[in-house]
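# Descriptive structure summary
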Amino acid sequence: MLDRNTIFKHHQLILYLVILLLLMITWGDYAAAAERLQQTGNPVIVVIDPGHGGDNNGTTESGFLEKEMTMATAKSMYQTLTQFQNIEVYLTHWDDVDLSLKERAVFAAEKKADFLISLHYNASESHQLFGSEVWISLFPEFHNPGYQLGTCFLREFREMGLHLRGIKTKPHSNGKDYYGIIREAAAREIPSIIVEHCHVDHASDNSFCDSVEELEAFGYADALAVAKYFGLKSDSLGLDYSGENSLPEVNAAHTVQRAMYDQTEPDLCNIEIKEVSYEECRVTLVLNARDSDSNLIDYAYSLDEGKSFSGRLPLPTGDILTGELPDTYELELSLSEGYFPSVIVKVFNPYDLSTVSNAVSFTQPFQRPIVEPEPTEEPVFEDATALLLPEEEEPTSDRISILLDYIKPVLAVVAILFLICLTGFLILHKRNHSHRGRHSRRH
Ligand SMILES: [Zn+2]
């Protein structure tokens, strides 16, 4: 027979089991990838926000004008995206006007947007940064769809040849999202992202955004990212993404850890020499580096004990979209001649925080061997005329002197014969003359 206590314990156990069951059911929902809205039968509603406008120019670095760039890209994105079925697309503004961030979010709310996508072009104070990045919300509800759509955008940009800087979050001091458009959209229950296509002030990115065609190419890539995310189909473009679903797995209850704001420097940065060629001025380093909170994206190196560093360089391997990054990288550096360097490497995470490595030194300066011209033997030609190149014309004066060499003996013989004849003629002439004298005297 059960006493009151045992019955109570049983009730308690059943209650725990029910709670666990409920948690598992909702957990299952949360763990699924973002719902592909087209499968619900309702049209997808996307609001594109061309960043800046009116008096708000955005970046004007290197002669660029961001508000015009974002408009060109937004219009191209609209043009492509509206060719897909089952989607409604709106722009927050078509004219050169400055809307507040709140007004943009309000517009998206009025349209009952499934997503608000704010388009931008970037520039950095140091002019050292390059590549594409996406900003998303801190909060799981908006963070996870943002992370998945952001991945779709960055995949397209990687395909175009751009360096990826990551999908990131930034908190405001009030605990909300730092970026206004994300904060205002979240306040209206709309997931949103900021797409920073590339850096206008860096040589690596310049060619991706310096013409209308390039800005429109970004718009086309942006449209494909959205179409892939929602699983859309376009008969007129001959594109069908309804069957694919390669979105990264997310858990709606938890943010993606490596996309969360990272305020600490990378944990590990250590180098050693793997191979050195003093004569080829080349060194291969093994870099051991890691950031347990986020990704590593770039490195730079110093040849003067850390006084100055090279420009940023992308790490040679790893995929920041999957988070599959090695702990070990091989870096090949080319060094100037005559150097006796001490090399230091610095690695950067997506928030541009860096960690400096140990220094490695070399036992001798880098110097290419001085190449002495090898003594070449004069080629021996059997025929002296072979010394002349076929095209080479014999100079006219030389031809005359060779001719004279042949004529000289002949001339000498002729001259001697002439002298003999002349002498003979003179003797005969003299004799005849004396005969005639004597003869006339006879008359
Ligand atoms: Zn901007």
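The model shown is predicted, which means the values in this text are computed figures rather than measured ones.

## Observations regarding the overall build of the chain
When helices and strands are counted, the chain shows eight helices and 16 strands. Here the chain holds 443 residues, and 35% of them are scored as buried. For the chain, contacts bridging at least 24 residues in sequence account for 73% of all contacts bridging at least 6.

## Points about the sheet that holds strand E13 (residues 328-334)
Overall, antiparallel pairing links the three strands, which are arranged E9-E10-E13 in an open sheet. If you trace the sheet from one side to the other, it starts and ends with strand E9 (268-277) and E13, each paired once. When the angles between neighbouring strand axes are averaged without regard to direction, this sheet yields 25°. The pairing of E9 with strand E10 (residues 282-290) spans nine bridges and is antiparallel. Its bridge partner being in E10, Glu 272 is matched across the sheet by Val 286.

## Describing helix H4 (residues 140-160)
With 21 residues, H4 extends 30 Å between its outermost C-alpha atoms, agreeing within 8% with the 30 Å of an ideal straight helix rising 1.5 Å per residue. Most of H4 is tucked away: 15 of the 21 residues are buried. Just downstream of H4, Gly 161 is the residue with a positive phi angle, here 105°.

## A short note on the sheet that holds strand E5 (residues 164-168)
Reading across the sheet, the six strands line up as E2-E1-E3-E6-E4-E5 and stay open at both edges, with mixed pairing between neighbours. The strands lining the two open edges of the sheet, one partner per strand, are strand E2 (87-91) and E5. Averaged over all pairs of adjacent strands, the angle between their axes in this sheet comes to 15°, without regard to strand direction. Pairing of strand E1 (residues 44-50) with strand E3 (residues 115-122), which is carried by five bridges, proceeds in the parallel orientation. Each residue of the ladder has a partner; that of Pro 50, found in E3, is Leu 119.

## Notes on the packing of H4 against helix H7 (residues 212-230)
As a packed pair, H4 and H7 sit with axes 9 Å apart at the nearest point and diverge in direction by 135°. Judged by the inter-axis angle, H4 sits oblique to H7. The element H4 and its partner H7 pack so that their crossing is right-handed. When H4 is examined against H7, the residues Gln 148, Leu 149, Cys 152, Phe 153, Glu 156, Phe 157 and Met 160 are found in contact with a partner set consisting of Ala 221, Asp 222, Leu 224, Ala 225, Lys 228 and Tyr 229. Partitioned by chemical class, the residues of the contact of H4 with H7 number nine nonpolar, one polar and three charged.

## Some thoughts on the confidence of the model for the chain
On average, the chain scores 84 in pLDDT, and the residues at 70 or more come to 77%. Every residue in residues 18-33 is under pLDDT 50, and counting partners more than four places away or in other chains gives nine contacts. Between residues 434-443, whose pLDDT stays under 50, and residues either more than four places distant or in other chains, the model counts zero contacts.

## Points about the nonpolar core
With 84 residues, the main nonpolar core has Val 46, Ile 48, Leu 81, Leu 116, Val 134, Ala 227 and Val 345 as its most contacted residues. If you tally residues by element for this core, the top one is H7, at 10 residues. Counting the residues that make up this core, at least three belong to each of domain 1 (32-259) and domain 2 (268-361). What Val 345 contacts, discounting residues up to four positions off in sequence, is Cys 269, Ile 271, Leu 285, Leu 287, Tyr 299, Tyr 301, Leu 331 and Ser 357.

## Quick notes on unusual backbone geometry
The backbone phi angle of Glu 189 is positive, close to 65°, even though this residue is not glycine. Here Glu 189 is to be found in the loop between helix H5 (180-187) and strand E6 (192-199). Of note, the phi angle at Asp 352 is positive, near 65°, even though the residue is not glycine. Residue classification places Asp 352 among the partly exposed residues on the basis of 14 C-beta atoms within 10 Å.

Thresholds, definitions, all that
Here, residues in each chain are numbered from 1, in the same order as that chain's written sequence. With the structure being a predicted model, the display of local features is reserved for residues of pLDDT at least 70 and the display and counting of side-chain atom pairs for 80 or more, all residues being used for whole-chain, interface and lining totals. Secondary structure elements are taken from DSSP: a helix is a run of H or I of four residues or more, a strand is a run of E of two residues or more, and numbering for both begins at the N terminus. To sort residues by burial, count the other C-beta atoms lying within 10 Å of each one's C-beta; a count of 20 or more means buried, 12 or fewer means exposed, and anything in between means partly exposed. C-beta atoms are built from the backbone. Our contact criterion uses C-beta atoms placed from the backbone: two residues qualify when those atoms are within 7 Å. Strands pair, by our definition, only if DSSP identifies at least two bridges between them. Here the axes come from fitting lines to C-alpha atoms, over the contacting stretch only for helices, and the angles between their N-to-C directions go from 0 to 180 degrees. Take the residue count of a helix, subtract one, and multiply by 1.5 Å to get its expected span. Orientation is classified from the angle alone, with under 35 degrees giving roughly parallel, over 145 giving roughly antiparallel, 65 to 115 giving roughly perpendicular, and any other angle giving oblique. Take the far helix as the reference: if the near one is turned anticlockwise from it by less than a right angle, the crossing is left-handed, and if turned clockwise, right-handed. Residues were grouped as follows: Ala, Val, Leu, Ile, Met, Phe, Trp, Tyr, Cys and Pro as nonpolar; Asp, Glu, Lys and Arg as charged; and all remaining residues, including Gly, as polar. The predictor's confidence in any single residue is recorded as pLDDT, a number from 0 to 100. By our criterion, buried Ala, Val, Leu, Ile, Met, Phe, Trp, Tyr and Cys residues that link up through C-beta atoms within 7 Å make up a nonpolar core. An automatic or database domain assignment is the source of the domain bounds shown.

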